[in-house]
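Residue-level structural notes
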Amino acid sequence: MAGGGFAAPAGGGTQFEAKITPIVIISCIMAATGGLMFGYDVGVSGGVTSMQPFLKKFFPVVYRRTVAGGHDSNYCKYDNQGLQMFTSSLYLAGLTATFFASYTTRRLGRRLTMLIAGVFFIIGVILNAAAVNIEMLIIGRILLGCGVGFANQAVPLFLSEIAPTRIRGGLNILFQLNVTIGILFANLVNYGTAKIKGGWGWRVSLGLAGIPALLLTVGSLLVVDTPNSLIERGRLDEGKAVLRKIRGVDNVEPEYLELVEASRVAKLVQHPFRNLLKRRNRPQLIIAVALQIFQQLTGINAIMFYAPVLFNTLGFKDDASLYSAVITGAVNVISTVVSIYSVDKVGRRFLLLEAGVQMFISQTVIAVILGLKLKDSTSSSLPSGLAILVVIMVCTFVSAFAWSWGPLGWLIPSETFPLETRSAGQSVTVCVNLLFTFVIAQAFLSMLCHFKFGIFLFFSSWVLVMSVFVLFLLPETKNVPIEEMTERVWKQHWLWKRPSSRKSVGFFVKNCVAGLVGYSCPKFSW
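Residues numbered from 1 in each chain as written. Predicted model: local features only at pLDDT ≥ 70, side-chain atom pairs only at ≥ 80, totals over all residues. Heavy atoms only, no water.

This next bit is on unusual backbone geometry. Even without glycine at this site, K452 takes up a positive phi of about 55°. Secondary-structure assignment places K452 in the loop between α22 (419-451) and α23 (454-473). Located in the positive-phi region is N479, a residue other than glycine, with phi close to 65°. Tracing the backbone shows N479 in the loop between α23 and α24 (485-488). Looking at N479, the relative accessible area reads 17%, which means it is buried. (Helix = DSSP H or I, 4+ residues; strand = E, 2+ residues; numbered from the N terminus. Buried < 20%, exposed > 50% of the residue type's maximum accessible area, 1.4 Å probe, protein only.)

If you want it as structure tokens, here you go:
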């Protein structure tokens, strides 16, 4: 598995000799199982909440609506705050846990933080599978959320820091690939367990989350910590030895010295969260926060959380809705593989912009079909031809997200923060992501009830906004060494290199408004 040596591409930065060593590949695969656990949790909730025995036991009001026709609106059958809390409580807990994870990631290392995540996952799985009341169910989801907070904090950092520059994007996306595999695995499990007689299939679905939980726990015991983390904690000799081991070459002195210098600068920072707000860190913070907000406002998690519920709402039968969810899950996995292959070749910006067009068109088509053909009545359903077209459009949307905003929403923040604010920056990134994931999970079924087909127009309008953001404000980070982002990316960007971001935004707006009356917007150099 070891490849030939390569150096960071020329272009003004230091070139570091490195090979693609087996230990790098194995470490990244094991670490990325945190994504497998996250994805399974995302995917399993939608299938479980569409199973009648589960609804009958924990949410009888929703059960009566779906089985006995207790609601006259096709879009409102699943509108229940308790049901939404089952899904969203995981993300609220993850939001809180990420601040503790920032401390452990910085003080104890990336590896130990992943181990803590695995322990939380295992305990949460046991409580969920054995749940006898709603309280036990929610507590289990909260513990799973704590695992998500710790895993999402540590794993992207681990992957970015251990990977050689040239393949950093592809290896980092292993986390997102495992998320998509986890979702697909959950959909397949739900499809099978829904057929189990006796009404206990949902316990199998929730209990099988123990497989990725164990993989993450065992994997965190086997991998090495990153050189960046070891050096940051003062273990210089060990950090150099690990760097030599993962790079597969003896001459690691240039990269080692750069890591030591970055660590020295980082230790001068007493308050990393406060330091995030300083002018020199403002671009990275704005980009990281915006990417997380936009990632959730694509509407992807609304589809992934509630895919079987959504297809049920559109008139699919139980088996057909779960089968359609499996199809979208498979598309998700395949498209993420496309991202691994292309992200370090065509770049981050190209993937985000192309996907923006694809997601906008697919969501608009879905909204038009539902608006014209699906009546607001529980007895209404789509004709088979249009139902198939809706599934195709959902797959088109999912594929675009999977090779762009899904993986890159995590990759770009993890590779752009300098070492002194990297752990704090990742905490803010995870926190904002989980906050908006919680909001979407808690609100989607109610939004579907009130917006009806307009929910897809709501999300497509945000896709348009975020594509404009990428076009004007997001720099390219392809093939830039992680410790050289400031000099080679932010100080070269037409907007972010200016002394004050606020003045720069004002400059941008003023010039673009002037463009409406005959002038032009600033020229962009990427």
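A word on helix α15 (residues 282-297). Along an α-helix, a turn takes 3.6 residues, which lines up residues three or four apart on a common side. Between the first and last C-alpha of α15 there are 22 Å, a value that for 16 residues agrees with the 22 Å anticipated at 1.5 Å per step. Among the residues of α15, P283, Q284, L285, I287, A288, A290, L291, Q292, F294, Q295, Q296 and L297 are the ones counted as buried. In the segment just after α15, G299 is the residue with positive phi, at about 95°. (Expected span 1.5 Å × (residues − 1).)

Turning our attention to the confidence of the model for the protein. In low-pLDDT regions, the fine details of the predicted coordinates are not to be read closely. Confidence along the protein averages 81 in pLDDT terms, with 86% of residues attaining 70 or more. Segment residues 1-13 is flagged for pLDDT under 50; beyond a separation of four residues in sequence, or across chains, it makes 33 contacts in the model. Taken together, the stretch residues 511-526 has pLDDT below 50 and engages in 22 contacts with residues farther than four places along the chain or on a different chain. (pLDDT = per-residue confidence, 0-100. Contact = heavy atoms within 4.5 Å.)

A separate point is the packing of α15 against α22. As a packed pair, α15 and α22 sit with axes 9 Å apart at the nearest point and diverge in direction by 25°. Taken together, the axis directions place α15 and α22 in an arrangement best described as roughly parallel. As α15 runs across α22, the sense of the crossing is right-handed. Each of L285, A288, V289, Q292, I293, Q295, Q296 and L297 in α15 lies in contact with α22, whose residues at this interface are V428, T429, V432, N433, F436, T437 and I440. (Axes fitted to C-alpha atoms, helices over the stretch in contact; angles between N-to-C directions. Parallel < 35°, antiparallel > 145°, perpendicular 65-115°, else oblique. Left-handed = near helix turned anticlockwise from the far one by under 90°.)

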